[in-house]
Every structure is written in structure tokens, then in C-alpha cells.
Amino acid sequence: MRTTIYMAVTAAIGLGIITAMSCSKSKNDDMNMNEKNIDYPAAYVVNGQSSSISVINLTTNTITDSIELMGSGNNMVMWPHHISLHNAGNVLHLALGVPGMDLSKGHSGNMSGMKGKILVLDGIKGIVQKNLEVPVANHNAAFSPDGKEIWTSQMDMDGKVLVYDAATYTLKNTIAVGMEPAEVTFSADGSKAYVANGGDNTVSVINPATKAVIAAIPVGEDPVGAWVGYDGKMYVDNEKGKSISVLDVATNTIVQIIPLGFMPGSTSHNAAAKELWVTDPDNGKVHYWSWDNSVSQWMHGGVFNTAEGAHAVAFTKDGSIAYVTNQLAASVSIIKVSDHSKIRDLVVGQKPNGIVIKQ
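Residues numbered from 1 in each chain as written. Predicted model: local features only at pLDDT ≥ 70, side-chain atom pairs only at ≥ 80, totals over all residues. Heavy atoms only, no water.

Naming follows an unreviewed UniProt entry, where the chain appears as 40-residue YVTN family beta-propeller repeat-containing protein of Chitinophaga jiangningensis.

Here is the structure:
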């Protein structure tokens, strides 16, 4: 069996979070009545243990709003993980994968009987629009490039990807993939979907239009996600393999393997700076690689500190500023990309993980 995952209820009781977050039943029951007006450039930070979203104003780099997600009864939301965004004109939609368990010690594996959720929010008003239960714990919920579908994996030995209609929330397709799939992602041009299968060390490549699996590509041990590159590549972080597999979108081949020497948290490509960032959660650092035209390879450029449990990275549209979630420090580090210096740390909720930016 792969990395042990602690069940959400056990972790919550052990840390006293249930008491802290259930101060008012009416607040939980009526959380959709607490309407926001997030009409500014913002970063949305998912706090797994706190079951909330911290909203960072990108202009002031301060926390300006908090969206509570816990709920009650059948609508209870525990351990939300990763987040995606789709801008539909007047409405900004957010989709969260809610595995219902703590993934901060490792992204893989499902405990028998665990179900997951997809949570859909209005990102401007901060209102939950749909709380949808899925049969098996999931890792994330990703909007298709056109925003008409929501894709989510089922972290089980019998791996599947479920595709839901984003308007009606009805199940449209079930796609068989590899064992224990984790992150579902799309290429920058939207031509392919990717699912990292941690149980059999492959990445499934899917045609988003036909829902057919095009290829199953061997990668390193225990892949978590094929993260989008804006250079015709996808970057697969292999947790146990302690490596990055560079996948060419056009040819479905691995063109470089980057050895890390540490377990990666996630990988993020900055097209403007021509850098590849990989978080090192065990040491609270971020490593970066620079593209070397002379050898057409990524070469290690350096490393800098963020905080304990460094996990996900989001860059501003121009690539000049980065926001790094630190799961074990309950903070977000704001980094100036040009010299990799830290601007400041912001205190957010407990165990922040996923982050997405709207500008």
C-alpha cells in the first residue's frame, strides 16, 4: 500500500478543529447568505484543515476576505484540497476537489469507503452553488477549457475519471484510467487531458472531445499531477521517484527526467521568466530550473526558502510575483520572481494547499 493517509475525522478531532469551526450552527447553515464582493484581482487559497478559502487582494497583498466551507449535516465539507477557476463573463466559477481526508503527508491512496465531493462556488460572491458527492475520494476538480464540464478522478485501484456537466451537474462520462489516479489537468492549448496514476506509475492522456484514452505514458514512481507548461510540455511530479518527468504534448513522449533528491510538492512553469519551480515541502523550500538553449534542457538554477510544508505555486499573469502555500506553517509566501526574494508571509487558515489566481 502506498503513502498512509490520515482520515479527516481523526485529524480534526486530534487537533480540535471541529470545536473551533462550529462556533455557530446558524453560521454554518446560512453560509451562503454571507455574500462577498470580490471584485478585485485576487488569489484564492484553499485551507484544508480549516475548511475555508482565504482571499488575498493582489494589489495590497493582504487577506481581505474569508469564505467558510464547513457546512453541516450532509453538506459538511472537510479537507478541501485543490481548486480550479473558470471565468464565465459576469460570473467567476471555482471548483474544489474535496477528498474528505488529509493529503498533506502524501497525495496518494484511498481509504476504503471514503467518498469525495465537488464543491462549486461563485468566486465573486463567495457563495456555494453546488455540493456534489462523488462515489470515491477525489484529488481535484478541474473545469474543461471551455468551462462546460468538470472533471474529477476517483482515487481507487479501479481508476476512473468522472466528467460532469458544469451547468446541470449530471454525470456525462466515466473514463477508465490507471490505478489510484490523482490530479486531472489539461494542456495549455486544451487539446489533451492528463491523469496521473500513482498506483501504476503512468499518466493517462485523454482526448477531451471524444473522452478516449490516447496513451498511457510510463513516468516515475508515484506521480501526482501532470502540471501545465506553456511551452508545449507537461511537468509530472513523481513523489516517491523524487523526480520530474517532462512530457511533450505533441508526441506523448518523455523528453527529460529531472532528478530532485527530495519529494516534490508540486511543479509550476513560469513562461515569462523561463523557469520551472518545484516545491520541497519537507525542507520548506522552492527549487527552480532555468531553460538552457544550448542543450535544450532544464538546468538547476537555485533554491530559496518559503516555509514549512511548501506546496503549491501560483504566478501572476505577468509572471513577476509568485504565491506559495505552506501547509505546515499555515501561511502563503509572496515571492518576487526576478531575484527570488521573499516580499512577505501572510497568515492564512490551517494546512493551505491549492491556490488559483484571478486577474
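(A) Representation of the environment of D345 in the model. As for its placement among the helices and strands, D345 is situated in strand 29 (residues 341-347). The class of D345 is partly exposed, set by a relative accessible area of 38%. Considered as a pair, D345 and T306 are 39 residues apart in the sequence and their alpha carbons are 8.3 Å apart. Beyond its immediate sequence surroundings of up to four residues, D345 is in contact with T306, V332 and S333. At 2.6 Å, the side chain of D345 and the side chain of S333 are in polar contact. At 3.0 Å, the side chain of D345 and the side chain of K342 are in polar contact. (Helix = DSSP H or I, 4+ residues; strand = E, 2+ residues; numbered from the N terminus. Buried < 20%, exposed > 50% of the residue type's maximum accessible area, 1.4 Å probe, protein only. Contact = heavy atoms within 4.5 Å. Polar contact = N/O pair within 3.5 Å; in protein donor to acceptor, adjacent residues only side chain to side chain.)

(B) The pairing of strand 21 (residues 253-259), seen in detail. In this sheet, strand 21 lies alongside strand 20 (residues 243-248) in antiparallel orientation, the contact comprising 6 bridges. Bridge pairing in strand 21 links L247 to I254. Linking strand 20 to strand 21, which pair antiparallel, is a turn of 4 residues; within it N252 sits at a positive phi near 55 degrees. (Pairing = 2+ DSSP bridges.)

(C) Looking closely at the nonpolar core. Ranked by size, the top nonpolar core spans 19 residues in total, and within it Y44, I53, L69, L96 and L121 carry the most contacts. Top contributing element to this core by residue count: strand 6 (residues 91-98), with 4 residues. Among the nonpolar cores identified, the runner-up in size contains 14 residues, and V45, L58, I334 and I355 belong to it. (Core = buried A, V, L, I, M, F, W, Y, C linked by side-chain atoms within 4.5 Å.)

(D) Representation of the pattern of salt bridges in the model. One pass over the structure, following the stated rule, counts 7 salt bridges. In this structure, the salt-bridge partner of D102 is K351, at a minimum N-O distance of 2.8 Å. Placement of D102 in strand 7 (residues 101-102) and of K351 in the loop between strand 29 and strand 30 (352-358) is noted, with a sequence separation of 249 residues between them. Given a relative accessible area of 12%, K351 falls into the buried group. Ionic pairing is found between K211 and E149, a salt bridge with its closest N-O pair at 3.2 Å. Separated by 62 residues along the polypeptide, K211 in the loop between strand 16 (202-206) and strand 17 (213-218) and E149 in strand 11 (residues 149-154) bring together distant segments of the chain. Taking relative accessible area as the criterion, E149 reaches 8% and is therefore assigned buried. Several salt bridges share partner residues, and in doing so they unite E149, K172 and K211 into one network. (Salt bridge = Lys/Arg side-chain N within 4 Å of Asp/Glu carboxyl O.)

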